[in-house]
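Inside the fold
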Number of protein chains: 2
Amino acid sequence: MTITIRDVARAAGVSTATVSRALRGLPYVDEATRVRVLEVAASLDYVASPSASRLASGRTDTVAVVTPDIGRWFFSTILAGIEEVTVAHGLDLLLVSAGNPERPQPALAEQRLRQRVDGAIVIGLSADNPEVQGLVTAGVRLSLVGTTVEGVPSLVIDDGHTARTAVQHLLDLGHRDIAVISGAPGASPVEMQESRQRGYLESLTNAGVEIDPNFTVYGRFTTEGGREAMSQLLAREYRPSAVFCMSDEMAFGALTALREAGLVAGVDISVVGIDGHPQAEALQLTTVEQPVVEMGRLAAEGLISAVELSKVPSDDADLPQAQVVPTSLVARASTAPYVG
Amino acid sequence: MTITIRDVARAAGVSTATVSRALRGLPYVDEATRVRVLEVAASLDYVASPSASRLASGRTDTVAVVTPDIGRWFFSTILAGIEEVTVAHGLDLLLVSAGNPERPQPALAEQRLRQRVDGAIVIGLSADNPEVQGLVTAGVRLSLVGTTVEGVPSLVIDDGHTARTAVQHLLDLGHRDIAVISGAPGASPVEMQESRQRGYLESLTNAGVEIDPNFTVYGRFTTEGGREAMSQLLAREYRPSAVFCMSDEMAFGALTALREAGLVAGVDISVVGIDGHPQAEALQLTTVEQPVVEMGRLAAEGLISAVELSKVPSDDADLPQAQVVPTSLVARASTAPYVG
DNA sequence: ATGAAAGCGCTAACAC
DNA sequence: GTGTTAGCGCTTTCAT
């Protein structure tokens, strides 16, 4: 019932080999034959079976995107950038979730991807995550976003520098009692979190500010978590005058907590985030923006060119390594000068 | 180099057929044999080639999600719900974008999905969209979210009722000069937009309020568009006292425009949205919430059960039809009583 | 430039 | 319960 390459071959009066060549734009096909084959295929409404061509060729023409939670803004936005590129290259995009402790998967990502994709883009998983390790050792071609693994191409922001930018902004405004809303003690995207924490500590130390361990609280990278974290800070006898949030979504929660306490962001307490979330503007949140969609595009392009290069038996020179993309501060009303 | 079912068969001392049965949990396999096969497969780190089993079985064990723009909150959130379900069923999730006039695709969704998936979930595309029509006539098993096509299962909210809920809320607060920020004149998700517009008009008419055509403006369902639309309204000689936005993201933009004009939402002008976007709370936006993640789950479950049912030659009774999920008003500070 | 034919790795009758 | 075998629909040498 489904029409196959043989139907096309018969109707065009050529062999299946010629149809295959013609349809895929391979050389050594007479122009007249190609045109005829194309016409016949179109008139028959023929579409090649991907399973069959994949099995025969060994290629999958598919890339996977691995994320812990596609519902989060950062991940879905990266995904949008990736999708732009994959579609332009005619590749299938397989969505796989992994590394979310709250939603255990039936099988390891490695199992689910082997034989199935030409490569995978992993977003927001720490290098020491077993899923990532499994993929690396299984030899799946990878492109990482947000983490770095020796010998694997990746795309990152300078987390330390980004955090310092945010904290320095607060210091420049005269703040000294600066708290941080981190993710979780020993959470999943560990490195990113630790680099940002280190940046925070460095900035304070460089400014001669004493570190108050009580000023580190955790918001799980969610809005609700940010709200709870800010509430904790507000419940302290000694409150910070400014708060650095490791993500905009946590900062949004922090702003809510502030409002619930009858306080005004930028007046009573300054708040700065990281991300460049689209709602930062409406909320007047100062943030350090990262080029998220662009990061998705770059990661996808990197992976695709790696896959294509590997087809040619080229000398394996210039392995792409960690590529760092810049971030930039956008100051808004949520941060303001410290007033005694 | 890749290890195949024959390697496993050989190592386990059985035929490939038995390995196939054992691994897939089919009946008529001795328990002892099954255990042995499983052990051997595990020790060999065997993973079946999906292309091969798909080709042989005719099944793809894949569902596609078709959306105009995965970067938008509504779509990525539905996707999260879908993903929960597909992963639980061991299905692959293929992401396909279509119907975005700003980003034309190389091929029709129909071409890209035929032979490739067992079914597809289409989000946010109008029933009269050529892509959707193509999928329907190509016989791809479908589950629609946000639109309805005769004979195709779908999941919708009652757009008219939802809009009336929002507008009635404003009327109840004493507002009469109520504007609407719609999507675009004749935009993509036409039906949804038209139903909401109709709901808006009905509520006003029922309340005896005269319709002002100038009070309908367009925000393209984006935050920036909402901001522009609100600016237009504010530039009018005769301003509305309340604005109904067809999405929360447009409402966020409207709030920004308000602030830029030195006005306060809920004090100078009331604003209500639709969606239940996570940032609605931080922005104190009144909105009519829809259960978005749940809609994704339901759509996926509906599609999967349809696919599984179709395997059995059952009498084609009880075709699932449009399922309507409830929405509910959440009042916040962005709406307040009308004050002369 | 084109065709013949041998698989790709698995599933699904069918036979035992 | 298990094995044999004939494909699934395409790609890809190798001839010609």
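Residues numbered from 1 in each chain as written. Chains lettered and ligands numbered in written order. Predicted model: local features only at pLDDT ≥ 70, side-chain atom pairs only at ≥ 80, totals over all residues.

A separate point is the sheet that holds strand β6 (residues 178-182) of chain A. Residues and elements named next belong to chain A. As summarised here, the arrangement of the 6 strands in space is β7-β6-β8-β9-β10-β12, forming an open sheet in which the pairing is mixed. Sheet topology places β7 (216-218) and β12 (328-330) at the edges, where each strand pairs with a single neighbour. Taking the axes of each pair of neighbouring strands and ignoring which way they run, one obtains an average angle of 20 degrees across the sheet. Where strand β9 (residues 270-275) lies against strand β10 (residues 286-289), 4 bridges are found, and the strand directions are parallel. Its bridge partner lying in β10, Gly-273 is registered against Thr-287. Packing against the sheet, helix α11 (residues 248-260) makes contact with β6, β8 (242-245), β9 and β10, and its axis sits at approximately 155 degrees to β9. (Pairing = 2+ DSSP bridges. Helix = DSSP H or I, 4+ residues; strand = E, 2+ residues; numbered from the N terminus. Axes fitted to C-alpha atoms, helices over the stretch in contact; angles between N-to-C directions. Contact = placed C-beta atoms within 7 Å.)

Residues and elements named next belong to chain A. Within helix α7 (residues 130-137) the residues assigned to the buried category are Glu-131, Val-132 and Leu-135. Along α7, the residues classed as buried sweep out an arc of 100 degrees about the axis, all on the same side. In the stretch just after α7, Gly-139 is the one whose phi turns positive, near 80 degrees. (Buried ≥ 20, exposed ≤ 12 C-beta atoms within 10 Å, placed from the backbone. Arc of directions from axis to C-beta.)

With that settled, the discussion passes to the packing of helix α1 (residues 5-12) of chain A against helix α2 (residues 16-24) of chain A. Geometrically, a packed helix pair is captured by the angle between its two axes and the distance between the axes. All names here are of chain A. It is at 8 Å that the axes of α1 and α2 come closest, and there the two elements cross at 100 degrees. Considering their axes alone, α1 and α2 lie roughly perpendicular with respect to each other. Within the contact between the two elements, α1 uses Ile-5, Arg-6, Val-8, Ala-9 and Ala-12 and α2 uses Thr-16, Val-19 and Ser-20. Looking at the contact of α1 with α2, its residues break down into 5 nonpolar, 2 polar and 1 charged. (Parallel < 35°, antiparallel > 145°, perpendicular 65-115°, else oblique. Nonpolar A, V, L, I, M, F, W, Y, C, P; charged D, E, K, R; others polar.)

Glancing now at the domain arrangement of chain A. Accessible area lost when the parts come together is the quantity often used to give the size of an interface. On domain assignment, one finds that chain A holds domain 1 (5-57), domain 2 (62-157 + 292-309) and domain 3 (159-289). Once you take the C-alpha centre of each, domain 1 of chain A and domain 3 of chain A turn out to be 59 Å apart. (Domains from an automatic or database assignment.)

Further remarks concern the interface of chain A and chain B. Between chain A and chain B, the contact holds 36 residues from the first and 36 residues from the second. Among the secondary structure elements, those contributing two or more residues to the side of chain A that touches chain B are α4 (50-57), α5 (73-88), β2 (92-97) and α11 of chain A. By residue number, the principal contributor to the side of chain A that touches chain B is α5 of chain A, which donates 6 residues. Classifying every residue of the side of chain A that touches chain B gives 17 nonpolar, 13 polar and 6 charged.

Two copies of one chain are present, and they are related through a rotation about an axis combined with an axial shift. Least-squares fitting of chain A to chain B yields an RMSD of 0.1 Å, with the transformation described by 0.0 Å of translation along the axis and a rotation of 180 degrees. Put plainly, the chains are arranged around a two-fold axis. Mapped onto chain B, 100% of the interface residues of chain A are again interface residues, and the two copies thus contact each other with one and the same surface. (Least-squares fit on C-alpha atoms with pLDDT ≥ 70 in both.)

As a further point, take the protein's contact with DNA strand C. With respect to spatial proximity, 25 residues lie near DNA strand C, and among them Thr-4, Ile-5, Ser-20, Ser-53 and Ala-56 of chain B are the closest. Counting only elements with at least two residues in the surface near DNA strand C, the list comes to α2 and α4 of chain A together with α2 (16-24) and α4 (50-57) of chain B. Among the residues forming the surface near DNA strand C, the class breakdown is 12 nonpolar, 11 polar and 2 charged. (Near = placed C-beta within 6 Å.)

Here we take up the sheet that holds strand β10 (residues 286-289) of chain B. The strands that make up a sheet pair up through hydrogen bonds in the backbone, lying either parallel or antiparallel. Residue and element names in this part refer to chain B. With respect to topology, 6 strands assemble into an open sheet ordered β7-β6-β8-β9-β10-β12, the strand pairing being mixed. Both outer strands of the open sheet, β7 (216-218) and β12 (328-330), are each paired with one neighbouring strand and no more. Sheet twist, expressed as the mean angle between neighbouring strand axes with direction ignored, is 20 degrees. This element, helix α8 (residues 159-172), spans β6 (178-182), β8 (242-245), β9 (270-275), β10 and β12 of the sheet and lies at about 160 degrees to β9.

Turning our eyes to something else, we now look at the protein's contact with DNA strand D. In the region of DNA strand D, 25 residues are neighbours, and Ile-5, Ser-20, Ser-53 and Ala-56 of chain A together with Ala-17 of chain B sit closest. Elements that contribute at least two residues to the surface near DNA strand D include exactly α2 and α4 of chain A together with α2 and α4 of chain B. When residues of the surface near DNA strand D are assigned to their parent elements, the largest contribution, 5 residues, is made by α4 of chain A. Its residues assigned to classes, the surface near DNA strand D comprises 12 nonpolar, 11 polar and 2 charged.

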